[in-house]
Amino acid sequence: MLLIVSGVLRLKEKKKEKKGFLNIETHMQDDRPRANKEKEELDRAIALSLTEDLKRPNGYRWRTETDDDLARSLRDSFNSAPYPSYTPREYYPRGYRTCAGCKREIGYGNYLGCMGSFFHPECFRCHACGYPITEHEFSLSGRDTYHKSCFKELTHPKCEVCHQFIPTNGVGLIEYRCHPFWSQKYCPSHEHDYTSRCCSCERLESVNTRYYSLGDGRSLCLECMESAIMDTGDCQPLYHAIRDYYEGMNMRIDQQIPMLLVERQALNEAIEGEKHGFHHMPETRGLCLSEEQTVTSILKRPRMERRGLVGIRTQPQKLIRRCEVTAILVLYGLPRLLTGAILAHELMHGWLRLNDYRNLRPEVEEGICQVLSHMWLESEVMPTSRNNIPSSSTASTSSSSSTWSYGPSTSSYGPSTPASSTSSSSKKGGKSSVENKLGEFFMHQIAHDASPAYGGGYRSAMAAVNKYGLRRTLDHIRYTGTFPE
């Protein structure tokens, strides 16, 4: 600005210097218009000024882009306001801004600045979906940018039942429930809104799956339905296989104890008529019956239709007491491994009564029964984990050559068996990964049960069996009614 003002002042001085010449030229051409005369005088003054500037040293020459630009600006100044407005343009050297997205130079036009970097508007993109971020607000994780909606989709937990974002509670925190084994996350409200829960694996029914109703208030998921045992006839092979398992551990049960699959109502009625039913679980799924009763059993398996299981046929059966154990009752419709675990548990109750184990405290009797149930599950799910545990298909002849282990080894559960013996399911090609996972869950249930009788009793019994072996533990229970320390 100072240079422009100085230039104007010097031109006025030049004009004074050439005033005489201009006046002479004016007198010679009096007939010309006044505007033309002033224009001619200005052009001569500019030419004279430029000529003198060329004669000066380089350090005193006016710093203009071009002489024509200077002349044009001076000429315009005479035809404009006395003090024209001027806004200097911000200057950046070439290559000053490089797009952090495409790595190319940002020229003229709009650009964005974020985290000390510059972006073309179309290069500022979401790290999740890849589309440009055009909103005024966005989410940042490290140096990665996201749409707020995309970031919520990635980080905010979704309910695995309703598939909606889990809402926050009254203090703004995300609160949800999570199954300890399956890690199924769901909204707390689903525990009270009548969402169906599988009676076998405990998972809640999601909006994109369908559970089957068993008709007695229970529901079953499709995975558990794959191996479910539906009537008494279907369960007989499994029942005899578990009796063989006991015989393989020198715990033969000579009495022919009836086994029936029943509905929930029939089982509850049998529990009410049982004198020794003082320590059953809140949701009882099996019963070792010692009294004479008439029980309604499942005679024919139901059909699966869209609305659930239909066509179930039942039959009342009079149970006669011929020994300390009248019958073993198990809920129908449970997966094979869970049904087997219940049978192994109830058969141990029968074995204890038939071998004169009397007046045992609940934590002792239920604890040792849970140990046998867990052992059978382990032999089915992980048949190679303990080579000396007989499988459910071990022939009865193997017990004659078996010997009990009395040492403190953790593998001293029972007799050693031939390496060639395998479970019945293994002979058929092995269980599916889904069924194995269910077996692991049932083992997890036994090991982490919180009840004093079933959970606490199991952990005390298992500690004794691991330390002293099964036979010595059972002998100690017979004489003292407690587990060995």
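Residues numbered from 1 in each chain as written. Predicted model: local features only at pLDDT ≥ 70, side-chain atom pairs only at ≥ 80, totals over all residues. Heavy atoms only, no water.

When helices and strands are tallied, the protein chain shows 14 helices and 17 strands. Counting all 485 residues of the protein chain, 42% fall into the buried class. Pairs at least 24 residues apart make up 59% of the contacts formed inside the protein chain by residues separated by at least 6 positions. Of the roughly 27700 Å² of accessible surface on the protein chain, a fraction of 51% belongs to carbon and sulfur atoms. (Helix = DSSP H or I, 4+ residues; strand = E, 2+ residues; numbered from the N terminus. Buried < 20%, exposed > 50% of the residue type's maximum accessible area, 1.4 Å probe, protein only. Contact = heavy atoms within 4.5 Å. Areas by Shrake-Rupley, 256 points an atom, 1.4 Å probe, with all protein chains shown as cover.)

Next up on the list: helix 8 (residues 264-272). Considered for burial, the residues of helix 8 that qualify are Ala266, Leu267, Ala270 and Ile271. Take helix 8 and look down its axis: the buried residues cluster within an arc of 140°, on one side only. Exposed residues pointing more than 90 degrees away from the buried face of helix 8 are listed as Gln265 and Glu272. Considering only its buried residues, helix 8 is in contact with strand 10 (259-262), strand 11 (286-289), strand 12 (293-300) and strand 16 (327-331). (Arc of directions from axis to C-beta.)

Moving on, we get to the packing of helix 10 (residues 362-381) against helix 13 (residues 452-468). Working note: a packed helix pair is described by the angle between its axes plus the distance between those axes. At a closest axis distance of 7 Å, the pairing of helix 10 and helix 13 adopts a crossing angle of 65°. Considered as vectors, helix 10 and helix 13 are oriented roughly perpendicular to each other. For helix 10 against helix 13, the interelement crossing comes out right-handed. For the pair helix 10 and helix 13, contact is made by Pro362, Glu363, Glu366, Gly367, Ile368, Gln370, Val371 and His374 and by Pro452, Ala453, Tyr454, Gly457, Tyr458, Ala461, Met462 and Val465, respectively. (Axes fitted to C-alpha atoms, helices over the stretch in contact; angles between N-to-C directions. Parallel < 35°, antiparallel > 145°, perpendicular 65-115°, else oblique. Left-handed = near helix turned anticlockwise from the far one by under 90°.)

Backbone geometry places Ser183, a non-glycine residue, at a positive phi of 60°. On the accessibility criterion, Ser183 (37% relative accessible area) is partly exposed. Unusually for a residue other than glycine, Tyr194 sits at a positive phi of about 65°. For Tyr194, the position within the fold is in the loop between strand 6 (185-186) and strand 7 (212-213).

This part is about the packing of aromatic side chains. The final tally for this structure, using the stated rule, is ten aromatic pairs. Where Phe119 meets Phe124, the ring centres are 5.1 Å apart and the plane angle is 65°; that geometry is what we call edge-to-face. Judged by its relative accessible area of 11%, Phe119 is buried. Consider the rings of Phe124 and Phe138, whose centres lie 5.2 Å apart with planes at 80°: the pair is edge-to-face. Placement of Phe124 in the loop between strand 2 (117-119) and strand 3 (139-141) and of Phe138 in the loop between strand 2 and strand 3 is noted, with a sequence separation of 14 residues between them. We note Arg97 situated over the ring of Tyr111; from NZ or CZ to the ring centre the distance is 4.3 Å. In this arrangement the basic side chain of Lys158 is found over the ring face of Phe165, its NZ or CZ atom lying 5.1 Å from the centre. (Phe/Tyr/Trp six-rings, centres within 6.5 Å; stacked < 30°, edge-to-face > 60°. Lys NZ or Arg CZ within 6 Å of the ring centre and 35° of its normal.)

By the element assignment, Gln445 lies in helix 12 (residues 433-447). Among all residues touching Gln445, those that are not within four sequence positions of it are Glu202 and Arg285.

On to the nonpolar core. Counting residues in each nonpolar core, the largest one holds 84 residues, and the members touching the most others are Leu329, Leu343, Met348, Ile368 and Val371. For this core, the element with the highest residue contribution is helix 9 (residues 336-354), accounting for ten residues. Filtering out sequence-adjacent residues up to four positions away, Ile368 remains in contact with Met348, Leu352, Ala461, Val465, Leu470, Thr473, Leu474, Ile477 and Phe483. (Core = buried A, V, L, I, M, F, W, Y, C linked by side-chain atoms within 4.5 Å.)

The next subject is helix 7 (residues 232-248). The first and last C-alpha atoms of helix 7 sit 24 Å apart over 17 residues, in line with the 24 Å expected at 1.5 Å per residue. Considered for burial, the residues of helix 7 that qualify are Thr232, Cys235, Leu238, Tyr239, Ala241, Ile242, Arg243, Tyr245, Tyr246, Glu247 and Gly248. On the buried face of helix 7, the contacting elements are strand 9 (228-229), strand 10, strand 12, strand 16, helix 9 and helix 10. The opening residue of helix 7 is Asp231, an N-cap whose side-chain oxygen sits 3.2 Å from the backbone nitrogen of Gly233. Phi turns positive one or two residues past the end of helix 7, at Asn250, with a value near 60°. (Expected span 1.5 Å × (residues − 1). Polar contact = N/O pair within 3.5 Å; in protein donor to acceptor, adjacent residues only side chain to side chain.)

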